[in-house]
Amino acid sequence: MYLSKIIKTNREMYLFDALNTSFTAIESEDEIYDDIKYADFLRNSNFRDIKQPCEFDVKYPYSEVELKRMFSGGIKSMTLALTEQCNLRCKYCGYTPKYLEDNYKLESMPKEIAFKAIDILINGSHESELCHIGFYGGEPLLNLDLIKECVAYVNDKYPFRKPSYNITTNAVLLVDKVADFLIENDIQIIISLDGPQKEQNKYRVDGKGNSSFEKVFQNIQALYRKDPKYFRENVTYNVVMFNGASNELFEAVDTLWKSDVNMIDLFPTEYFMQTRDRSDKIHKDEIIDIKNYDFAYKNLLKSMKKYYNSFCESACSNTIFPGGFCIPGIRKDFVTTDGRIIVCEKVDENQEVFEIGDVYKGIDINKIDRLVNKTLESLEKCKSCWAAKFCKICFKDILNINGDFCEKAREEVERELGYYLDQVSNNRGVINYVANISLI
Amino acid sequence: MTIALIDTGVLKSVINNKCEVRHFSLSEGKLVEKYIEPENSHGTECFEEIVSNTECDKLQIIDFNISEQDENLQVWSIISAIDKSIEERADIINISLGLTAYSQELFDICEAAVQNNIVILSAASHTNTISFPADFKNVICVKVDQQQTEKIKTIGNMTVSISMRDLIISEKGNEFDLSSSSFACARVCGYLCDDLSNVPLNDKFKTLFRKYNIDLYNADDIECKADLKKCEIQQILSNNRAAVVLFPPNAFEKVNKDFLHHNIVAYYDHEQGEFCGFSDGETTKDFDMIMVLNSSYFDLEFPKSIKEEYRQYKIICIGNFLKKDDNNFLYHYNDFKASEISVLEKPVIAITSVCSGLNKSDVQLSLINSMREDGLSIEVISNNPLGVLYNNSIFNFPYELNFPQIVYSINKFMYLSEVNKDMDAWLINIGGAIGQINGLNTYNFGKLADAYFSAANIDVAIICVNSYIDASYLKLQLAHLYKHNINEVFIVLSHNDIDASTMDYKDGLQTYCIDDKKYDSAFEYLKKNVEEKVFSMDEVRKGTLYERIIETLS
């Protein structure tokens, strides 16, 4: 079978054609595997002959000229690593090895670098609807003065354009006066919180091993009491599922005030795998009814949007660019403390291939080219993969693609696609909801 | 009671002696008393809706089957059927059909029917835009409102709605609403048979007014003022020298200084942070007011620092701004009230596009330049704030589009302009797009274009398309234009394509400029796959599009 897959769900069995993005319900696998029945199947349906060899043509969609034009007016976002320092020592954090290294000096971003990054963003975003500045760390609130200077710099130098701001924080320092400043300047807050006390305190601890939940939750409650409307509109949570998804965790998260929650899969660093609590019980086989949890159900339906779009598309082509790659230099630029521009904050910034420029010379088209070529090289195997169109692969994965990665990715697509075919595609209410999701 | 049912014909087999039915059908281009088996069930369903919703015992139906072989609806066949209904002394005419293009002849025949004490009921537009004759002031327009509890609810003076909850079907937990304004129209027709059959000698319209407050002709076009007031921004500009701040900043590069409003004297240099004179480029503060014009889709901050520095100047912000909105200085469609369409005499060129960011303004500016260079006096309508620079008539993009009022308003504005100005032609840049791109923005995409197409007879439509447009999708959009009786359509291939990652933005898609190689291949593809003449952006700049338009109009 080429670029196609039999999708089995609790209700039905489907044959999915990845090349034409179409599907049909089938009675049994015999319809496909039995040659005589398959011949009948082809005769009675308009389905492509999936036993004829075919593959995707994997191609990067933008030329150098187009990218250069985008860099001059279409940049959407710049996230600044204000400091590498952090007041917590979360055990699964990617920076932990640096924190443990005696000779490693944790850097902070000089304001000149921050200002130059802002210049690149605002001068390069006049054609873009989005103009976004993110404050990131380490823990960015350890460098609150620089945040204030950045906001003042924008107000002073670019009086007309008001970028949107966000800050990703552990909320330990999110005290009254800090909250006042964030509210006054419409800065959205993404709080890293792993759930209730037990979960949060397990790995999110300070350098001495002290728990963080008590302080964090006190600050969150105070922020909510200060301005509930602001809280509802501007606060979201990032929850690392270090033990996988579980009803207990979902229940706890669902009761948090405000429903926008990003559940983040654990990235198992070497350090963490060596030090993690051996008694951790990974809830691998637990059945979770997503519909019971508002935030999770909303996230699930959001993930259905790409399937909806794909099945609704009128024109199909065998030329694709798999995965959820953003346009490098446009959507996710991440600036390190020393002024390097990295393709996004999620990649390993020490890998040269992810560096796409610096704040002094701007985005470097040669480095973009290097990243694109490396990406295309790593996507070679996607040509024959039925799940390629829906795979979540992005730049952070390109150095780690192996059989295991692809298998997990395909399993996820199979699960999601099954859900779409069974629960979404034939339910007018849900399809309407999905159609109206705006992904801005 | 005699009901004229102007539709697709009533199937003889369903009549079953329910009432007396006479059949008229189209034969060799004429309406004759003859039964032709209907090919479409719409007329039969409307018939059943009428007879099952009246208790009137002396009911006669005149069945006008006006469907053509290709299922097209011709205005003349509706006119003939109404004419025949008058001759046959019908009491009510039921027209569960409609056209989006205005027809004076259709209006006149409806007027004649009303003068003969005939009530005309017609179904509201299925797409919530405009439909004639339903939206004429002498016709009762019928809609569905599933929420209402009243049997018949009157909305405004000429529109009624009913609920048809019996047509909501439940299947496996899903609800399917099978109601439509067509069936609602027929059902109301049944109801009115009962109301009007008992008062055969009375003025039917008085009965309807007393019972339902339906008040045809209580319209707002009685005022005969024919003067056209300038909008506030034009008035301000005639007495004040203005400096402008343009957004996006690169909009300045495209400004044609030759055609600037004479009182726009300076611009803001974003790099220097100072105002400079248009005439000499020197730093200046010799102006009376500052206008900030934002044509971007994003909201700009109104800068405190500028406000403080230029405290003594009046500052006006036009376009999208946070916490400041001076768009009330522009024209508003609501300012022009009317309830009938006036005939426009000047040729109309309309520019539209399949989504945002496809060089509509560039095409408009190029045509303005060519026309003015040729000494033509052009009236330009736009929703783009940058049009203020050239003294165009700028309408605030409305938060809400009310049909049919918006159509009458646009027509009224154009009529008053023609009466009051010495002008040769119209050039209209229609805000929004021609149709829906995704499911999120039905409001911004398409409805305003529909209003313009119905308000004016467009002589030439220019449709700007993205580079990778699919030919079959484009053909659908073109069919939409032809449906509005637009005879000549030119396609302009924009150098921009849709940024796929913004396909799910609710506030407008974003585009990016493609490279020349892709552009050339897209141009070839389009030329091969559509019959209409396709122009490249280069041809627009060189004046080839303009020449072709002039050729067409002359």
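This one's a predicted model, so the numbers in the text were calculated from it and none came from an experiment. (Residues numbered from 1 in each chain as written. Chains lettered and ligands numbered in written order. Predicted model: local features only at pLDDT ≥ 70, side-chain atom pairs only at ≥ 80, totals over all residues.)

1. Side note on the packing of helix α9 (residues 405-420) of chain B against helix α10 (residues 447-455) of chain B
Residues and elements named next belong to chain B. Contact geometry of α9 with α10 gives a least axis separation of 8 Å together with a crossing angle of 55°. As judged from the angle between their axes, α9 and α10 are oblique. As for how α9 packs across α10, the hand of that crossing is right-handed. When α9 is examined against α10, the residues Ile406, Val407, Ile410 and Asn411 are found in contact with a partner set consisting of Ala451, Tyr452, Ser454 and Ala455. (Axes fitted to C-alpha atoms, helices over the stretch in contact; angles between N-to-C directions. Helix = DSSP H or I, 4+ residues; strand = E, 2+ residues; numbered from the N terminus. Parallel < 35°, antiparallel > 145°, perpendicular 65-115°, else oblique. Left-handed = near helix turned anticlockwise from the far one by under 90°. Contact = placed C-beta atoms within 7 Å.)

2. Focus: the nonpolar core
Grouped together as the largest cluster of nonpolar side chains are 248 residues, with contacts concentrated most on Leu80 of chain A together with Ile3, Leu5, Val244 and Tyr452 of chain B. The element contributing the most residues to this core is helix α4 (residues 181-197) of chain B, with 9 residues. Of all hydrophobic cores here, the second largest spans 27 residues; its members include Leu3, Phe16, Tyr307 and Val413 of chain A. (Core = buried A, V, L, I, M, F, W, Y, C linked by C-beta atoms within 7 Å. Buried ≥ 20, exposed ≤ 12 C-beta atoms within 10 Å, placed from the backbone.)

3. Focus on the interface of chain A and chain B
For interface size, the figure often reported is the accessible area lost on association. Across the contact, 27 residues belong to chain A and 29 residues belong to chain B. At 4 residues, helix α3 (residues 64-73) of chain A tops the list of elements feeding residues into the side of chain A that touches chain B. The residue makeup of the side of chain A that touches chain B, split by class, is 10 nonpolar, 8 polar and 9 charged. (Nonpolar A, V, L, I, M, F, W, Y, C, P; charged D, E, K, R; others polar.)

4. Examining the domain arrangement of chain B
Residue and element names in this part refer to chain B. Per the domain assignment, the segments of chain B are domain 1 (2-212), domain 2 (232-329) and domain 3 (333-553). Using only C-alpha atoms to locate each centre, domain 2 and domain 3 end up separated by 26 Å. If you look at the interface, domain 2 gives 20 residues, while domain 3 gives 16 residues. Those elements that place two or more of their residues in the side of domain 2 that touches domain 3 are α6 (232-239), β12 (242-247), β15 (289-294) and β16 (314-319). For the side of domain 2 that touches domain 3, the element with the most residues is β15, which contributes 3 residues. When grouped by side-chain class, the residues that make up the side of domain 2 that touches domain 3 number 12 nonpolar, 7 polar and 1 charged. (Domains from an automatic or database assignment.)

5. Concerning the sheet that holds strand β9 (residues 235-241) of chain A
Residues and elements named next belong to chain A. As summarised here, the arrangement of the 10 strands in space is β10-β9-β8-β7-β6-β5-β12-β13-β14-β15, forming an open sheet in which the pairing is mixed. Edge positions in the sheet fall to β10 (261-265) and β15 (362-363), since each has one partner strand and no second. For strand β7 (residues 164-169) and strand β8 (residues 187-192), the ladder comprises 5 bridges, and the chain directions are parallel. Of the residues in β8, the one forming a bridge with Thr169 is Ile191. (Pairing = 2+ DSSP bridges.)

6. Considering the environment of Asn166 of chain A
All names here are of chain A. If you trace the backbone, Asn166 turns up in strand β7. Residue class for Asn166 comes out buried when judged on the 20 C-beta atoms lying within 10 Å of it. Expressed as a C-alpha distance, the spacing of Asn166 and Ile187, which sit 21 residues apart in the sequence, is 5.1 Å. What Asn166 contacts, discounting residues up to four positions off in sequence, is Gly134, Ile187, Gln188 and Ile190.

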